[in-house]
Amino acid sequence: TTNPGGKMVNKFAKTSKLKAKANLNLPMAGYGFNWVLADTTALGLSLGAQESLKSGLVRLNIDNNFPIDVDLQVYFLDGTGQVVDSLFVNGEKFLKSPQLDNNGRVTGSVLSTVNIAADNVKMQHITGSAKVAIVAKIQTPDAQLHREVRIYEDNYIFVKMGIKAELSITKP
């Protein structure tokens, strides 16, 4: 049971640790919605000249065989904690669950490609930010209808990431 006393804000840092003992019987069955996981941390980019980054593209190739949907947003913050930019522009699902059979088990996986383009202005916002806040909203498919999913030990999510950047380099 998480937060047995009711709704509360849980905070995690790079140095945070979570220890838990659990006995799980797989398949694990259930549903969940309105889970929000969030963390804010120092960005830690140390680039000499922000002007040298003209544009960039981050490509994620995701193979999801897990019965969850995820909406993700990454916010870039200035030194006072104010949002200066966000990573994603549209509100579509970042990670979509595969189809489920009548027993709530995934029937395959969903392959998706997420391209995140950044022009010069966005690159300056990113490289000039002091912190980054990551917010993930997670739910199981049809959770509001109380449809159970089943999680097995062979469920997986694989993510491959590549970055392409255009730089402008000048000789001193």
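Everything below is about the structure printed above this text.
Residues numbered from 1 in each chain as written. Predicted model: local features only at pLDDT ≥ 70, side-chain atom pairs only at ≥ 80, totals over all residues. Heavy atoms only, no water.

### Some details on the overall build of the protein chain
In step 1: Each helix and strand in the protein chain was counted, giving one helix and nine strands.
In step 2: In sequence order, the secondary structure elements of the protein chain are arranged as β-β-β-β-β-β-α-β-β-β.
In step 3: By residue count, 27% of the 172 residues in the protein chain fall in the buried class.
In step 4: The long-range fraction of contacts in the protein chain, counting pairs at least 24 apart against all pairs at least 6 apart in sequence, stands at 85%.
In step 5: For the protein chain, the computed accessible surface area is about 12300 Å², with 54% contributed by carbon and sulfur atoms. (Helix = DSSP H or I, 4+ residues; strand = E, 2+ residues; numbered from the N terminus. Buried < 20%, exposed > 50% of the residue type's maximum accessible area, 1.4 Å probe, protein only. Contact = heavy atoms within 4.5 Å. Areas by Shrake-Rupley, 256 points an atom, 1.4 Å probe, with all protein chains shown as cover.)

### A closer look at the packing of aromatic side chains
In step 1: Applying the stated criterion to the full structure yields two aromatic pairs.
In step 2: Between R105 and the ring centre of Y152, over which it is positioned, the NZ or CZ distance is 3.7 Å. (Phe/Tyr/Trp six-rings, centres within 6.5 Å; stacked < 30°, edge-to-face > 60°. Lys NZ or Arg CZ within 6 Å of the ring centre and 35° of its normal.)

### Quick notes on the layout of surface pockets
In step 1: Put simply, the second largest pocket is a space of about 690 Å³.
In step 2: Surrounding the second largest pocket, 34 residues form its lining, V58, V74, L87, I116 and M161 being those nearest its centre.
In step 3: Counting only elements with at least two residues in the lining of the second largest pocket, the list comes to β3 (53-64), β4 (69-77), β6 (110-118), α1 (120-127), β7 (131-139) and β9 (157-167).
In step 4: Considered class by class, the residues forming the lining of the second largest pocket number 30 nonpolar, two polar and two charged. (1 Å grid on protein atoms, 1.4 Å probe; cavity = no way out; pocket = protein on both sides within 12 Å on 5 of 7 lines; lining within 4 Å. Points joined across faces, edges and corners; volume = space filled by probe spheres on them. Nonpolar A, V, L, I, M, F, W, Y, C, P; charged D, E, K, R; others polar.)

### Thoughts on the sheet that holds β6
Either a parallel or an antiparallel arrangement is found when strands of a sheet pair, and the pairing is made through backbone hydrogen bonds.
In step 1: Reading across the sheet, the three strands line up as β6-β3-β9 and stay open at both edges, with antiparallel pairing between neighbours. Unpaired on one side and paired on the other, β6 and β9 mark the two borders of the sheet. Recorded for the sheet is a direction-independent mean angle of 10° between the axes of neighbouring strands.
In step 2: Two elements, β3 and β6, share nine bridges in a ladder whose sense is antiparallel. By the bridge assignment, I62 is partnered in β6 with S112. (Pairing = 2+ DSSP bridges. Axes fitted to C-alpha atoms, helices over the stretch in contact; angles between N-to-C directions.)

### Observations concerning unusual backbone geometry
In step 1: Phi is positive for N34, close to 60°, though the residue is something other than glycine.
In step 2: Along the chain, N34 falls in the loop between β1 (28-30) and β2 (35-42).
In step 3: Note on N34: relative accessible area 62%, which makes it exposed.
In step 4: Its identity is not glycine, yet D142 carries a phi of approximately 55°, on the positive side.
In step 5: Examined against the element boundaries, D142 turns out to sit in the loop between β7 and β8 (149-151).
In step 6: Residue classification places D142 among the partly exposed positions, given a relative accessible area of 38%.

### A word on the pattern of salt bridges
In step 1: One pass over the full model with this rule turns up four salt bridges.
In step 2: A salt bridge links K122 to D85, with the shortest nitrogen-to-oxygen separation between them at 3.0 Å. With a gap of 37 residues between them, K122 in helix α1 and D85 in strand β5 (residues 83-86) connect regions that are remote in the sequence.
In step 3: K122 gets classed as buried once you look at its relative accessible area, which sits at 10%.
In step 4: Here R147 ties to D142 by a salt bridge, and the two come within 3.4 Å at their closest N and O atoms. (Salt bridge = Lys/Arg side-chain N within 4 Å of Asp/Glu carboxyl O.)

### Quick notes on the sheet that holds β2
In step 1: The sheet built from four strands is open, its strands ordered β2-β7-β4-β5 with antiparallel pairing. The open sheet has two free edges, formed respectively by β2 and β5, since each of these has just one partner strand. Direction aside, the axes of adjacent strands within the sheet are offset by 25° on average.
In step 2: The sheet contact formed by β4 and β7 spans nine bridges and is antiparallel. The residue of β7 that forms the bridge with Y75 is A133.
In step 3: Its contacts with the sheet put α1 on β4 and β5, and the angle it makes with β5 is roughly 125°.

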